[in-house]
Amino acid sequence: MEDVRENLRISSDAQSNSLSKKELVVIDHAKKVFNDKLEVGCTGCGYCLPCPQGVDIPENFAKYNDYYLFGTPETKERFKFGYEMGLLNGERASACTECGECEKLCTQEIQIMKELKKVKKLYET
Ligand code: SF4
Ligand code: SF4
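Since this is a predicted model, take the numbers as computed values, not measurements. (Residues numbered from 1 in each chain as written. Chains lettered and ligands numbered in written order. Predicted model: local features only at pLDDT ≥ 70, side-chain atom pairs only at ≥ 80, totals over all residues.)

Concerning the site of ligand 2
Not every one of the 16 residues close to ligand 2 is listed here, only the nearest: Cys 42, Cys 45, Cys 48, Pro 58 and Cys 106. A total of three residues in the shell around ligand 2 trace back to one element, the largest contributor, which is helix 3 (residues 57–70). Of the residues in the shell around ligand 2, the class split is 11 nonpolar, five polar and no charged. (Near = placed C-beta within 6 Å. Helix = DSSP H or I, 4+ residues; strand = E, 2+ residues; numbered from the N terminus. Nonpolar A, V, L, I, M, F, W, Y, C, P; charged D, E, K, R; others polar.)

Below you can see the structure in the form of structure tokens.
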């Protein structure tokens, strides 16, 4: 409830276009750094689901991007552990049989089969 009150107070006090030029530059820079590190431009919309094999496509890409955004070769094992904990066997990239159904539906025109192979290489080999 406290969070709701704070959010209401902030949105009541805030003015549109209230960010300074300097603040906008900082935001643009942060956006660029973030986008440059992103490996797969998956928005997590889920339009590609359900996969007939049960692959959780957006979660695979989210965990893949997490490694490139926040990981290092030294922390790879920790991210791999997170992948194994977060996805059941049948939901992992290796369960993809390359039927191609999901690619017809992807809103971002991602080459899902190709990208899933990279996820598999990072986390399942
Ligand atoms: S290509 Fe792979 S991930 Fe996509 S729907 Fe087919 S089995 Fe699922
Ligand atoms: S449709 Fe494309 S962008 Fe949306 S969750 Fe699936 S892979 Fe990601």
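So, next bit.
Re the site of ligand 1
Near ligand 1 there are 14 residues, and of these Cys 51, Val 55, Cys 96, Cys 99 and Cys 102 occur at the shortest range. Counting only elements with at least two residues in the shell around ligand 1, the list comes to helix 5 (101–105) and helix 6 (112–123).

Brief notes about the environment of Val 33
Relative to the helices and strands, Val 33 resides in helix 2 (residues 21–37). Sequence-wise, Val 33 and Leu 69 are 36 residues apart; in three dimensions their C-alpha atoms are separated by 9.4 Å.

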